[in-house]
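# Descriptive analysis of the structure
Residue strings, one per chain:
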Amino acid sequence: EQKQQELLRAQQYAKQQQLASEKEKKLIEQRQKVQELITQGKNAAKKKQLEPVLAYFNTITMPADKKFAAAAYTDMAHIVYDIANATPNLEKKQAALQKAEEYITQARADQPTTENAQFYAVVTNAVKQADEQKKAFEAHQKQAALQARQAEEKKKQEAAAAQQQIEKLRTKIKNFIAAGKT
């Protein structure tokens, strides 16, 4: 009976080892898939366009390994941050910065490191600057629109005044002609 218990324990241990090995294999496969998608996103980022990069990143399912996930999210944040810095389009810059902020926030949640905290500060500062640029741009657009409306109104007033002058001259000419006939 003791041999049966030892045999049973050995079988249970072997089964646990097999399950652990399968779990480790699955984790390795998940990590490889994430790395492949990040690499594809990095390659797509060479064109400095956010949408193709996000098409890869949005399909990523992070494994439960927090350290790995933090490193992956940090890589993703750097990639989209670089796109934000390369684009002159303010809306695209904001979208990329928001994604970078989202990724670095997740990296900090998974593994709070000094590097992640510093990069988070850089990204949030860039987000604030982009928001300020957008507000300034919108204010400039509103001012330009107002000036355009004012210029249009001035043209209309000048045209109306010119039309009044023409009508006055016509009336004078008619009166002059009428006075000459009598």
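Please refer to the structure higher up on the page.
A brief report on the enclosed structure follows. Going along each chain's sequence as written, the residues are numbered from 1 onward. Whole-chain, interface and lining totals are the exception, using all residues; otherwise, since this is a predicted model, local features are given only for residues with pLDDT of at least 70 and side-chain atom pairs are given and counted only at 80 or more. Hydrogens are left out, water is left out, and the side-chain values use all remaining heavy atoms of the structure.

### Thoughts on the overall build of the chain
Where helices and strands are cited, they refer to DSSP runs of H or I of at least four residues and of E of at least two residues respectively, numbered from the N terminus. Within the chain, the regular secondary structure consists of five helices and zero strands. Starting at the N terminus, the α and β elements of the chain follow one another as α-α-α-α-α. Taken over C-alpha atoms, the radius of gyration is set against a globule rule of 2.2 Å times the number of residues to the power 0.38. Over its C-alpha trace the chain gives a radius of gyration of 35 Å, far above what one expects of a compact globule, namely 16 Å for 182 residues. Across the 182 residues that make up the chain, the buried fraction comes to 25%. In what follows, residue pairs with any heavy atoms lying within 4.5 Å of each other are defined as contacts. Expressed as a percentage of contacts within the chain between residues at least 6 apart in sequence, the contacts between residues at least 24 apart total 61%. Exposure was quantified through the Shrake-Rupley algorithm and a 1.4 Å probe, taking into account, for residues, occlusion by the shown protein chains and nothing else. Carbon together with sulfur atoms contributes 52% to the accessible area of the chain, which is approximately 13400 Å² in total. Charged residues are defined here as Lys and Arg on the positive side and Asp and Glu on the negative side; His and the ends of the chain fall outside this count. Charge placement uses NZ in Lys and CZ in Arg. For Asp and Glu, CG and CD serve respectively. Of the side-chain charges in the chain, 31 are positive and 22 negative, and the distance between the mean point of each set is 9 Å. Any residue under 20% of the maximum accessible area for its type is buried, any over 50% is exposed, and the rest in between are partly exposed; the area is computed with a 1.4 Å probe on protein chains only.

### Examining the pattern of salt bridges
Any Lys or Arg side-chain nitrogen located within 4 Å of an Asp or Glu carboxyl oxygen qualifies as a salt bridge. With the rule as written, the count across this model stands at five salt bridges. The shortest N-O distance in the salt bridge between glutamate 167 and arginine 170 comes to 3.0 Å. Of the two residues, glutamate 167 and arginine 170 are both situated in helix 5 (residues 114-181); the distance of three residues between them amounts to about one turn of the helix. Judged by its relative accessible area of 37%, glutamate 167 is partly exposed.

### Examining helix 3 (residues 66-86)
In this scheme, a helix's expected span is set at 1.5 Å multiplied by one less than its residue total. With 21 residues, helix 3 should cover 30 Å at 1.5 Å per step; its first-to-last C-alpha distance of 30 Å lies within 8% of that length. Of the residues flanking the start of helix 3, the one acting as N-cap is aspartate 65, its side-chain oxygen 3.2 Å from the backbone nitrogen of lysine 67. Polar contacts, as counted here, are pairs of nitrogen or oxygen atoms within 3.5 Å of one another; within protein the pair requires one atom able to donate a hydrogen and one able to accept it, and residues that are adjacent in sequence qualify only if both atoms are side-chain atoms.

### Comments concerning the packing of aromatic side chains
Classification of ring pairs rests on two measures: the distance between centres of Phe, Tyr or Trp rings, Trp counted by its six-membered ring, which must be within 6.5 Å, and the angle between planes, read as stacked under 30 degrees, edge-to-face over 60 and tilted in between. For the structure shown, the criterion picks out three aromatic pairs. Here phenylalanine 57 and tyrosine 103 contribute two aromatic rings whose centre-to-centre distance is 5.9 Å and whose plane-to-plane angle is 75 degrees, an arrangement assigned as edge-to-face. Here phenylalanine 57 is found in helix 2 (residues 50-57), whereas its partner tyrosine 103 is found in helix 4 (residues 90-110), with 46 residues between them in sequence. For the pair shown, phenylalanine 57 and tyrosine 103 are each scored as buried. Aromatic pair tyrosine 73 and tyrosine 103: ring centres 6.2 Å apart, planes at 25 degrees, arrangement stacked. Taken together, the positions of tyrosine 73 in helix 3 and tyrosine 103 in helix 4 put the pair 30 residues apart, joining distant regions of the chain. On the basis of relative accessibility, which here comes to 17%, the residue tyrosine 73 falls in the buried class. A relative accessible area of 4% places tyrosine 103 in the buried class. The rings of Phe57, Tyr73 and Tyr103 are connected pair by pair, giving a single aromatic cluster. Definition used: whenever NZ (Lys) or CZ (Arg) falls within 6 Å of the ring centre and also within 35 degrees of the ring normal, the charge is taken to sit over that ring. Over the face of the ring belonging to tyrosine 120 we find arginine 108, whose NZ or CZ atom lies 4.3 Å from the ring centre.

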